[in-house]
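Examination of the molecular architecture
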6 protein chains.
Amino acid sequence: MKATEQRLEEHLILEKPYYLAAGKEVEIALAAHKNGLPLLLKGPTGCGKTRFMQFLAWKLKLPLITVSCHDDLSTSDLVGRFLIRSGEAVWTDGPLTLAVRAGAICYLDEIVEARKDTTVVIHPLADDRRELPVEKLGELLSAPPEFMISVSYNPGYQSVLKDLKPSTRQRFVAISFDYPEPDTEAEIVAIEGGIDRKLALSLVKLAGMTRSLKESGLAEGASTRLLIQTGQLVRDGIDIHTACRAALIEPLSDDPELLAALEEMVSSIF
Amino acid sequence: MKATEQRLEEHLILEKPYYLAAGKEVEIALAAHKNGLPLLLKGPTGCGKTRFMQFLAWKLKLPLITVSCHDDLSTSDLVGRFLIRSGEAVWTDGPLTLAVRAGAICYLDEIVEARKDTTVVIHPLADDRRELPVEKLGELLSAPPEFMISVSYNPGYQSVLKDLKPSTRQRFVAISFDYPEPDTEAEIVAIEGGIDRKLALSLVKLAGMTRSLKESGLAEGASTRLLIQTGQLVRDGIDIHTACRAALIEPLSDDPELLAALEEMVSSIF
Amino acid sequence: MKATEQRLEEHLILEKPYYLAAGKEVEIALAAHKNGLPLLLKGPTGCGKTRFMQFLAWKLKLPLITVSCHDDLSTSDLVGRFLIRSGEAVWTDGPLTLAVRAGAICYLDEIVEARKDTTVVIHPLADDRRELPVEKLGELLSAPPEFMISVSYNPGYQSVLKDLKPSTRQRFVAISFDYPEPDTEAEIVAIEGGIDRKLALSLVKLAGMTRSLKESGLAEGASTRLLIQTGQLVRDGIDIHTACRAALIEPLSDDPELLAALEEMVSSIF
Amino acid sequence: MKATEQRLEEHLILEKPYYLAAGKEVEIALAAHKNGLPLLLKGPTGCGKTRFMQFLAWKLKLPLITVSCHDDLSTSDLVGRFLIRSGEAVWTDGPLTLAVRAGAICYLDEIVEARKDTTVVIHPLADDRRELPVEKLGELLSAPPEFMISVSYNPGYQSVLKDLKPSTRQRFVAISFDYPEPDTEAEIVAIEGGIDRKLALSLVKLAGMTRSLKESGLAEGASTRLLIQTGQLVRDGIDIHTACRAALIEPLSDDPELLAALEEMVSSIF
Amino acid sequence: MKATEQRLEEHLILEKPYYLAAGKEVEIALAAHKNGLPLLLKGPTGCGKTRFMQFLAWKLKLPLITVSCHDDLSTSDLVGRFLIRSGEAVWTDGPLTLAVRAGAICYLDEIVEARKDTTVVIHPLADDRRELPVEKLGELLSAPPEFMISVSYNPGYQSVLKDLKPSTRQRFVAISFDYPEPDTEAEIVAIEGGIDRKLALSLVKLAGMTRSLKESGLAEGASTRLLIQTGQLVRDGIDIHTACRAALIEPLSDDPELLAALEEMVSSIF
Amino acid sequence: MKATEQRLEEHLILEKPYYLAAGKEVEIALAAHKNGLPLLLKGPTGCGKTRFMQFLAWKLKLPLITVSCHDDLSTSDLVGRFLIRSGEAVWTDGPLTLAVRAGAICYLDEIVEARKDTTVVIHPLADDRRELPVEKLGELLSAPPEFMISVSYNPGYQSVLKDLKPSTRQRFVAISFDYPEPDTEAEIVAIEGGIDRKLALSLVKLAGMTRSLKESGLAEGASTRLLIQTGQLVRDGIDIHTACRAALIEPLSDDPELLAALEEMVSSIF
C-alpha cells in the first residue's frame, strides 16, 4: 500500500491536456467549484467528457480521481474497507474518501451504471452539507472547499430503469456535451491521429454520416476517438478502406445490414 | 474509531439553521417528540425536509443522525456489526443504535428506498415499546425519552412496490411538506443564492412553471435548491440564460422536447 | 454479551398489560399452551395482537421473546450463530433457541414476511415432536412444556405468493382478531390517549368511516393505535383538525383523492 | 459440540410409535431397505408420513435423522462444513454425512422445497453406488447396508417448477399416502385427542366435508392432525363450536367465503 | 484430508463392470481418448451412461472421478480452494484438478445443470490446449495424455435456456445413448434384479409401453433401473402388482390420469 | 504460488503456431499494437480466433495470457485479491494485472459472457490513458508500451442483453473472422487431422452444407475444429459414417429433425 501523498501525486495532471472549449463549460465548472456545487456531464460516447475533466483538474491544480461505475461497484469500493494485516483490520480509504480528505476532484464516470447505493452515498456530499459519513469508521468527514464531485452519463442509451432519481439530479449543475463542430473535430483528429487536415475532414464527414444512422437502429455514431484511431492506422501504412473497416465500421455494429450501409458510406467518400 | 462522545458531538447542530415555517409543523413535531411518537415527513425533492429536521434538532438541542436509505442498506448498517481488532470481534454501534443509546434523533432519509428489513427493524422502536433488539449482542435496548425516530419519503415518485406497508405507516405521526409560498421561497432564494429579491421572484415564477410540467411527463419540477444554485452562478458572473440552462434546466430532464419547453419558459421570463 | 438469565429477565412482563378481551381468545390460548400447541394470530394492523401476546405472557408468567419477521431474516438470526472471540468460534443462541431452552414464549410477528427457511425451521417445534434441531451445534433440543410458539400475520394484505403453506398452517391453533367493539375501543382510546370519553367516541366513529374506505382502495383503515396517537396530540394542545390530519389521515395514504375523502370525514364529525 | 454417539442416541426412537398401517407400506419399505433402495413418500399434509418414518425407524432399530427442506438449505447444511476452533478449521458432519457414517435413516421432509444442489447431492447415494462424495474433505464415503435415504413431498401443491426431475425420481421406490379410512381415523383422533369415539367420528365426517372443498379453492382439507388438536381443546373445556373454529376452520383459510362455507359445515354437524 | 494417492485409489474400478455394448461406443471412446478429445454422452435417465463410464475407466485402468452437476456448483468446487489450517491457507485440489494432475477421467454428470462458469472452466481443457488455469494458485496445468474429460446430459428434458453453447458443444466427440434392445434389457433386468427371464421380459414390455406415454405428457418412461428395482421387490416377496406400483408407476408421475393409464398397462400384462 | 517470472514463462509461445492468414488481420493487429490500441475479434466458434492470438503473441514475442469469460468472473478474478498466509493478507495479481505489469498480451475470450464490471474494468486500459487502477492496493498502474488488450466474441449468438455497450466497443480496433476459404480449410484439416487431402475436401464440403442449415434453426454450422476431430477418428480406424456421426453431427444438435437432415448430408457425400 502506497502512502496517501504518493497515491494523490499519481492523480495530478502535470501537462496541460489538449482541450478545445465548445461553449462556456469551463466558466460554469469554475463557478460551480467556487460555490461548492457538484457537476453533472451529459453526452455521447467519446465526445470529450473525460478530457474536459482532465483539463479542469489541470486548471484547478487538483488531483483527478476517476471511478468507472458499473453494476457491481459497491459503497465499500467508493468509501473504503478494512483489510486484514497481521491479524489486524486496517482501514483503507476508497477513492471517494481519498478525494474528500485531500480536497481533490472525484469523477464518477457513467454514474447511471452504478447501483443505487453508490448514487445515494454521494447525496450528503452533493448538497450544502458536503459531508461524507464513513459509517464503518463512525466518522463524518467534512469536505474541504477544494473538493469537487463530478459525475457523467450518456443520456442517449439509458434505460428508464437506470435513470437518475430527481432527488439525485437536482443536486447538480449540469453541462451538456456533444460532438465538436466539424472544423474543431478535424483539427483534433489531424493532431491526435497524425494525419493531414484534408483526410481528417473526410473522416469527420464520414462520422457525421454514421451519426445520422442512429435513427436506423445504430446505437451510436462514430466518436471522435474512432476517427483518431482510424487516422493512426492510416499513418502506420494500413490503406484507408481497411483502416475504416477495422477502426470505424466494425466497432460500431454487428448487424449485417448496418455494416453494409456503413461500408457504402466509406466508399462514397474514399 | 472515534469515541462515542466525539461521534455524537459531530452531529450536534450548533448554529440556528435558517428555516421559515409553513404551518404548524414545528408544534406537531414537538408534541410527537413529547409523546415519544415517531415522525414521517412526506414531500417533493428539495422542499426543505432535511432543513426542517436540522431546525428541529437545533430546537431540541439533540444530535441529528441522518441515514440516506438505499437498496443495499442492511440491518447491520443501521444496528451495528462486529469488526475484527487484534483477532477479537469488537462491536461497533450503527447510527440507529448510537442514536438510541444517546437519546438522539435518527433521521432515515428516503425510507422507501430501503429494503424491508430496514423498515421492519424500526417497528419495535416506533410503537409504544420503544425498544431496539440488538440481536447480535443479545441485548434489548430501551430508548430514553429524548430519542426520536423520523423518516421521510417523496410520495410523488414511489412505485407501488416500494410503498410503505400499513403496519409501518400506522406507527407514525405524518407531516406533508410542499414548496414554500412564492414570497417565502423568493426570500429563501435571495438570501441563500446571494441575489436581489426581484431576480429571486422571477426564478420562483420560473420554478412554478416547471412544476406545472409534471403532467407533461417531467418527473419533478425545479426545487428551491435548484433556484438557489442558479442564483449562485449568476452572482459569480454567469449570464442568466447560461445559468438557468446549467443549474435549472439540464438537471431536470434529458428529454429533448421537455428541454425545449423548459428553454422557452426561460426565454419568456428573462 | 449479557448472561442468559439477564437476557431472559429483560423479556419478562412485570406489570399487568391493559387488555380487554373481545371473545374467548384467552381461554383458547391457555388450552393451546396446556396441550403444547402453537398459536396463530390473524388480524389487521394495530388491533391488539401484540398487546394480547403481552397479556398472555404476563398471565403465564413467561418471558415473551418477539421477533419482527422480514425478507432477510435468516435461520441463523432465529437459531443462532458462531461469533469469533479471541480467535475462537463462540456460539450465541438466537431468540428462538433462547426461548426453547428457557421455556419462554417465542412470538414471530408478521410471519408471512419471512423467507421460507424461517417458516420451515419452526415445523418440528410446531408439531408433536416439539424439537428444535440446532444443526450447527449438532444438537436436537426438546422444548420444555412451558415453551410456546406463536406467530401472527395480517390476512388483509398478503399476496398469494407469501401465503403460508398448508403444511405450516395446519400445525396451529388459530385466533382471528378484529378492531374492538366501538364502546371498548373508545374506552381504550380515552385511557391510553388521555382524552375524555366523548372525544374518544367521535374518534372511534371516524375510524369506522375510514375502515369502510377499504373498498375504495385504502389499504387499511385507521387502527386503534392511530386514534390513541391523535388523542395524545390533542391532549398536548394541538387543535383537533391538525391532530387528525397529522396522526390519522396522513399516515393512511398518499393518494390525493383518498386524502380528500378522509378530510371530508373529519369535517363531518368535528 | 456433542460426541457423535450422543448425537445419534438422541435420534433413536425408543418407544413404539402409534401407527396403523393402511396397506402394504411397511412390507415395501422393509424390502426397499433390504435391497439398499431409497424411499419416496407422497401424500397430503398431516396424513402420517412422518409418523410412518418414526415407526419404520423403530422397527429397524435405526436412528432417524430428519431434515426439513427449504429454499435455503445448502449442500453444506446436509454434508457438513468446517468451523473455526482455536484458529483451526474443524470439520463437522452434517445430518446426511452423520447418517451415512452411522448407517442411520436420513429423512428429507418436503424434498421439493430444497434447492437443486440438495436434490443432486443425494444422487450417488440413491443409486447402486450408495456413495457420498464429501468434496471438502476429499473423501468418498460408502454407505453401510443399514443406511437408508428417504424423502417426502406433497404432490397436491407442488408447482411444476419445483417438480422432481425424472433422473431423481427414478432412483426411488415410492409409496403414496392418503388420509386413513374413516374408522381408522376416528380411532386415531379418539386416542390422541383424548375424546370419545362418537365425537371423533363426527370430526372425521366434518374433515371429509372440508376435503371435498379442495375443488372450490381450498388448498387442502383438514388433516388428521387438526382433528386431534380440535379434540384436545374440547377435552380441556373449550366448547365444540369455538374449538372447531380455532383448531379446524381458521387454520385452513383466510378467504371469507371459504370460512363461511366451513362454518356452515360445522353447524350442520354439531 | 486423505493423501492424493489414497483419494485416487478410491476412484479406481477394480472389478469389471457388467456392460453390454449397444454399438461402437467403446471404439469411439477409445479413439477419442487416444487423440486427447473430450467425450459427450447424451441419453435418457437410467439408460447406462454412468455404467458405460465405469466400463471405460476399467478398460483404460484409469481412476474415474464423477461430479454430479447442479445449479450451485461453483468453479471452486471443481478446481479447488484454500482451507484455513492453523491460520494458514492450505490449497485443496477440487475433483477436476485432481483428475488433471493424476491423468484420470473426470466425468461431469448432467453438465447442463451447471452454471456457466463450470461449463466455461473446461474450455481450455477440452480443446487442443488441454490446459487448466488454476487462477488462485497462478498455475497453468498441462493435462497428461491419459487425462480425459467426459460430460453427459439428457437432451429429452433440457430447457432451451440451459442448452450448451455451440462453443462448448463443438469441442466434444458425442455419443448418443438409448434404452437397450428388449432382449439385452431383459437379460440385464434378470441378472441384476434376481428374477427369471420370463418375468424380466414382461417388465421390459411394460417399460416399452410407458416409454410410449411420453407423447401423452409423461416426462420420461421407465428406465432399466426401475425394472431392476421392481424385480428386486418381487424377489423379496412383494406381489407383482404392489411391486410395479411402488417401484415402477409411482416413481414416474403424480398425475392422476397418467397414474391410471400406467395402472392399466400393468393390469394388461400381469 | 509460483514466482512471477515462472508464471509468465508458462505463457510464452515458443513454437510458431500453424496459422494461415485470410486477409490483412496480421498487419492491422501489428499497427494496433504499435499505437497502443486494443483489439476486438469477432467471429463464429472454432474459426481460428484463439489460434490467431497465439500467432500474434509468437510474432510479437510476448506472453499470451488468456481468460475465458463467464457470468461469474469477478473483477477480483481479473485484477487480483488478497490471500491469507500465516495470518497476513498477501496480494496476488490476477491475470490482467500480471499482463499489465509484464507488458504481455491479455486476451479475454467471449467477453460478452462476462459481467459488466469486467467489461468496465478494462475501460481505462483500453483508451489513451492505458491505466489499470488496482483499487485494493491503492495503486494506479501504467501499462508499458508492449502491453496489449484483446477481446473476442461471437456476434452470431449474442443476446441483445449481453451486447457490448457503445462506450466499450468504441475503444477497440475490430477484426471480423470467418471460416477459411475451402482450399485453405481443407489444407488445415488434412494437416491437423492426419488424413489425405481428398477426404479433407469432402469434409469441408460437408461443413459448408451444415453451415447453410443456420437458417433452418441450427445454432451454428460445423467448425474447422470439428472437421479435424472427425479426421482424427477416421485416421484411428473408425469408419467414416460413424466418425461423422460422433464427431460432426451429434456435437451440432439434439433436435431429431436437424439430426436427420445432417445424416442425409453425410450420406449424400460419403
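Since this is a predicted model, take the numbers as computed values, not measurements.

Next up on the list: the overall build of chain A. When you go through chain A residue by residue, the secondary structure sums to 13 helices and 9 strands. Taking the principal axes of the C-alpha coordinates as reference, chain A spans close to 65 × 40 × 40 Å. The burial tally for chain A puts 61% of its 270 residues in the buried class. If you take every contact in chain A between residues at least 6 apart in sequence, the share linking residues at least 24 apart comes to 72%. Separation of charge centres in chain A, based on 30 positive and 39 negative side chains, amounts to 5 Å.

Frequently, the measure chosen for interface size is the accessible area that the parts lose on association. Chain F puts 41 residues into the contact, and the matching count from chain A is 46 residues. Both faces combined, the contact of chain F with chain A buries some 3,800 Å², and carbon together with sulfur accounts for 50% of it. The interface formed by chain F and chain A contains 6 salt bridges. Between Lys34 of chain F and Asp236 of chain A there is a salt bridge; the shortest N-O distance is 3.6 Å. Our enumeration of links across chain F and chain A arrives at 17 residue pairs in polar contact (both at pLDDT 80 or more). Every element with two or more residues in the side of chain F that touches chain A is listed here: α2 (25-34), β4 (88-93), α6 (116-121), α7 (123-126), β7 (139-142), α8 (166-169) and β9 (173-176) of chain F. Partitioned by chemical class, the residues of the side of chain F that touches chain A number 16 nonpolar, 7 polar and 18 charged.

Superposing chain F onto chain A takes a rotation of 60° plus a shift of 0.0 Å along the axis, which leaves an RMSD of 0.1 Å. Read as a symmetry element, the transformation amounts to a six-fold axis.

Quick look at the arrangement of the chains now. Separated throughout, chain B and chain F approach each other most closely at a C-alpha pair spaced 10 Å apart. Spatially, chain C is disjoint from chain F: no contact exists, and the shortest C-alpha separation is 11 Å.

Residue and element names in this part refer to chain A. One can read the domain layout of chain A as domain 1 (1-176) and domain 2 (182-269). The straight-line distance from the C-alpha centre of domain 1 to that of domain 2 is 32 Å. In this assembly, 9 residues from domain 1 lie in contact with 10 residues from domain 2. Between domain 1 and domain 2, a total of about 740 Å² is buried, with carbon and sulfur atoms accounting for 52% of that surface. On the domain 1 side of the interface with domain 2, the three residues burying the most area are Tyr18, Leu20 and Gly46, jointly 61% of the side's total. Residue composition of the side of domain 1 that touches domain 2, grouped by class: 4 nonpolar, 4 polar and 1 charged.

Taking the numbering used here, the UniProt-annotated feature "domain: CbbQ/NirQ/NorQ C-terminal" (unreviewed entry) corresponds to residues 185-268 of chain A. Split by type, residues 185-268 of chain A is 71% helix and 0% strand. Its first and last C-alpha atoms lie 20 Å apart.

Moving on to the sheet that holds strand β9 (residues 173-176) of chain A. Residues and elements named next belong to chain A. On the basis of which strands lie adjacent, the open sheet formed by 5 strands has the order β2-β5-β8-β1-β9 and parallel pairing. With one partner strand each, in any of the chains shown, β2 (64-68) and β9 form the two edges of the open sheet. Going across the sheet, the axis of each strand differs from the next one's by a mean of 20°, ignoring polarity. Of the strands in this sheet, β1 (39-42), β8 (148-153) and β9 touch helix α2 (residues 25-34), which is tilted by about 165° from β9.

For the rest of this paragraph, the subject is the packing of aromatic side chains. Tallied over the entire structure, the rule returns 24 aromatic pairs over all chains. Judged by centre distance (5.4 Å) and plane angle (35°), the rings of Tyr19 of chain D and Phe55 of chain D are tilted. One end of the pair, Tyr19 of chain D, is in the loop between α1 (4-9) and α2 (25-34); the other, Phe55 of chain D, is in helix α3 (residues 49-60), with 36 residues separating them in the sequence. The buried category is assigned to Phe55 of chain D, whose relative accessible area is 10%. The rings of Tyr19, Phe52, Phe55, Trp58 and Phe177 of chain A are connected pair by pair, giving a single aromatic cluster.

With that out of the way, let us pick up the pairing of strand β8 (residues 148-153) of chain C. Residues and elements named next belong to chain C. Counting buried residues along β8, 6 of its 6 residues qualify, which places the element largely inside the surrounding structure. The alternating pattern of β8 places Met148, Ser150 and Ser152 and Ile149, Val151 and Tyr153 on opposite faces, both of which are buried. By the bridge criterion, 4 bridges tie strand β1 (residues 39-42) to β8 in an arrangement that is parallel. Residue pairing across strands places Lys42 opposite Tyr153, the latter belonging to β8. Across 4 bridges, strand β5 (residues 105-109) lies against β8 in parallel orientation. Within β8, the residue paired with Leu108 across the bridge is Val151.

The rules behind these values
Residues numbered from 1 in each chain as written. Chains lettered and ligands numbered in written order. Predicted model: local features only at pLDDT ≥ 70, side-chain atom pairs only at ≥ 80, totals over all residues. Heavy atoms only, no water. Helix = DSSP H or I, 4+ residues; strand = E, 2+ residues; numbered from the N terminus. Buried < 20%, exposed > 50% of the residue type's maximum accessible area, 1.4 Å probe, protein only. Contact = heavy atoms within 4.5 Å. Lys, Arg positive; Asp, Glu negative; His and termini not counted. Charge placed at Lys NZ, Arg CZ, Asp CG, Glu CD. Buried area = accessible area lost by both parts, 1.4 Å probe. Salt bridge = Lys/Arg side-chain N within 4 Å of Asp/Glu carboxyl O. Polar contact = N/O pair within 3.5 Å; in protein donor to acceptor, adjacent residues only side chain to side chain. Nonpolar A, V, L, I, M, F, W, Y, C, P; charged D, E, K, R; others polar. Least-squares fit on C-alpha atoms with pLDDT ≥ 70 in both. Domains from an automatic or database assignment. UniProt positions renumbered as here; feature names shortened; annotations may be inferred. Pairing = 2+ DSSP bridges. Axes fitted to C-alpha atoms, helices over the stretch in contact; angles between N-to-C directions. Phe/Tyr/Trp six-rings, centres within 6.5 Å; stacked < 30°, edge-to-face > 60°.

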